[in-house]
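Here's the letter readout for the chains.
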Amino acid sequence: MKEQDCQILIAIYEEQNVTKAAERLFISQPALTYRLRQIETEYEIRIINRNKNNISFTPEGEYLVQFARQLILEINETKDYIHQIKDEAHGSLKVGVSSNFGLYKLPPIIHGFIKANPKVQVKVNSSWSSEIVRILDKNQIHVGIVTGDYPWYDEKHLLYTDPLTIIYNQPINLNELHMLPRINYRPNSITHNSQKTSTPLTKLVEKWWHDNIEFPPFVSMEVDKAETCKAMVKSNLGYSILPKSCLTGNDDFYQLDLHSEDGLPIMRKTWMLYRQSSLKLSSVSYFVEHMKKAI
């Protein structure tokens, strides 16, 4: 399969629309459709099914997309290895980061990396940590930066630990906390049959509350963005519990860090996840080392 054929399959799969895929690849729709049919003829399969304005991939098509992604990775590794002979980082770098990391930490790190490696094209995908792990598993990004502990069986590096703290507009009294309205911060909230799954952050907060507070919390509202949460607290709508990295010098809250029963601060971990095989790409290996030094 040619590199262009791989790009066509990947573009159609990600866009779920032939017209948008053609626009993304800067080719005409008839040319893209013709090449798609040629691939189907070559492999004697149907790759996609069309239903009015929608398309869906057949099992054979799904397999070819995964094969195309792996082949593109190998082609890029080959090209990149040739460039490495010159001891320079080239090529593309796809990074997925948790929303808070992308907002509070990433910009100066990326600025420093691009300044040191101007020939690397960087694409950043900001989303929930669980989504970052999912697309990393599908080889859609090279490096994932996630908050909390998620299953990952290849390379991982602990970037930093982040204390959890209560924020409020008045001094905080733990004995009265259960009577105050809580602005519940639930990043990455997912609803299945009206049941919300617990995120790593939620589990840490729930365990602390169970160990320290006798009564259940009075949750007045739930939000999934830290900035929204802070705005609600600033408007005197209640208190909240956030990772301390979400606070900036402009935030003027009373704060009380959470501690476990043995007196240790309760921390949320931020990890860098990647594949050992991806380090063959100089753009990835340079970025991984840059991250380790920057944080």
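Remember, predicted model here, so these are calculated numbers, not experimental data. (Residues numbered from 1 in each chain as written. Predicted model: local features only at pLDDT ≥ 70, side-chain atom pairs only at ≥ 80, totals over all residues. Heavy atoms only, no water.)

## Re the side chain of Arg 275
As for its placement among the helices and strands, Arg 275 is situated in the loop between strand S13 (267-274) and helix H10 (282-294). Engagement of the side chain of Arg 275 in a polar contact is seen with the backbone oxygen of Leu 136, the distance being 2.7 Å. Apart from the residues within four sequence positions on either side, Arg 275 is in contact with Leu 136, Asp 137, Asn 139, His 142, Trp 152, Asp 154 and Glu 155. (Helix = DSSP H or I, 4+ residues; strand = E, 2+ residues; numbered from the N terminus. Polar contact = N/O pair within 3.5 Å; in protein donor to acceptor, adjacent residues only side chain to side chain. Contact = heavy atoms within 4.5 Å.)

## Structural notes on the nonpolar core
Residues Ile 166, Trp 208, Tyr 239, Ile 241 and Leu 258 are the most contacted members of the largest nonpolar core, which totals 24 residues. For this core, the secondary-structure elements that each account for two or more residues are strand S6 (155-168), strand S7 (181-185), helix H8 (200-212), helix H9 (226-234) and strand S11 (240-243). Residues Ile 8, Leu 9, Ile 12 and Leu 32 belong to the second largest nonpolar core, which totals 22 residues. (Core = buried A, V, L, I, M, F, W, Y, C linked by side-chain atoms within 4.5 Å. Buried < 20%, exposed > 50% of the residue type's maximum accessible area, 1.4 Å probe, protein only.)

## Section: a nonpolar patch on the surface
Taken together, Tyr 43, Tyr 63 and Phe 67 make up a surface patch of nonpolar side chains, about 320 Å² in accessible area. Looking at the secondary structure, you find Phe 67 in helix H4 (residues 59-84). We classify Phe 67 as partly exposed; its relative accessible area is 35%. (Patch = residues over 30% accessible without salt bridge, like charges linked within 9 Å, V, L, I, M, F, W, Y side chains within 5 Å. Areas by Shrake-Rupley, 256 points an atom, 1.4 Å probe, with all protein chains shown as cover. Salt bridge = Lys/Arg side-chain N within 4 Å of Asp/Glu carboxyl O.)

## A word on the confidence of the model for the protein
Confidence in the prediction for the protein averages 89 pLDDT; 94% of positions are at 70 or higher. Contacts from residues 190-195, a stretch scored under 50 in pLDDT, to residues over four places away or in other chains number 6 contacts. (pLDDT = per-residue confidence, 0-100.)

## Remarks on the side chain of Ser 245
As for its placement among the helices and strands, Ser 245 is situated in the loop between S11 and strand S12 (254-257). Polar side-chain contacts of Ser 245 include one of 2.4 Å to the side chain of Asp 162. Contact partners of Ser 245, with chain neighbours within four places excluded, come to Tyr 104, Lys 105, Tyr 160 and Asp 162.

## Considering H10
Helical periodicity: at 3.6 residues per turn, an α-helix aligns residues three or four positions apart in one direction. Here H10 is 13 residues long and its end C-alpha atoms lie 18 Å apart, about the 18 Å a rise of 1.5 Å per residue gives. Listing the buried residues of H10 in full gives Ser 282, Ser 283, Val 284, Phe 287, Val 288 and Met 291. (Expected span 1.5 Å × (residues − 1).)

## Digging into the pattern of salt bridges
Applying the stated criterion to the full structure yields 13 salt bridges. For the salt bridge of Arg 24 with Glu 14, the shortest nitrogen-to-oxygen distance reads 2.7 Å. Taken together, the residues Arg 24 in helix H2 (residues 18-25) and Glu 14 in helix H1 (residues 3-15) connect sequence positions 10 residues apart. In this structure, Arg 69 and Glu 14 form a salt bridge, with 3.4 Å as the shortest nitrogen-oxygen distance. Separated by 55 residues along the polypeptide, Arg 69 in helix H4 and Glu 14 in helix H1 bring together distant segments of the chain. Overall, Arg 69 belongs to the buried group, its relative accessible area being 8%. Overall, the relative accessible area of 36% leaves Glu 14 in the partly exposed class. One connected set of salt bridges, linked through shared partners, spans Glu 14, Glu 15, Arg 24 and Arg 69.

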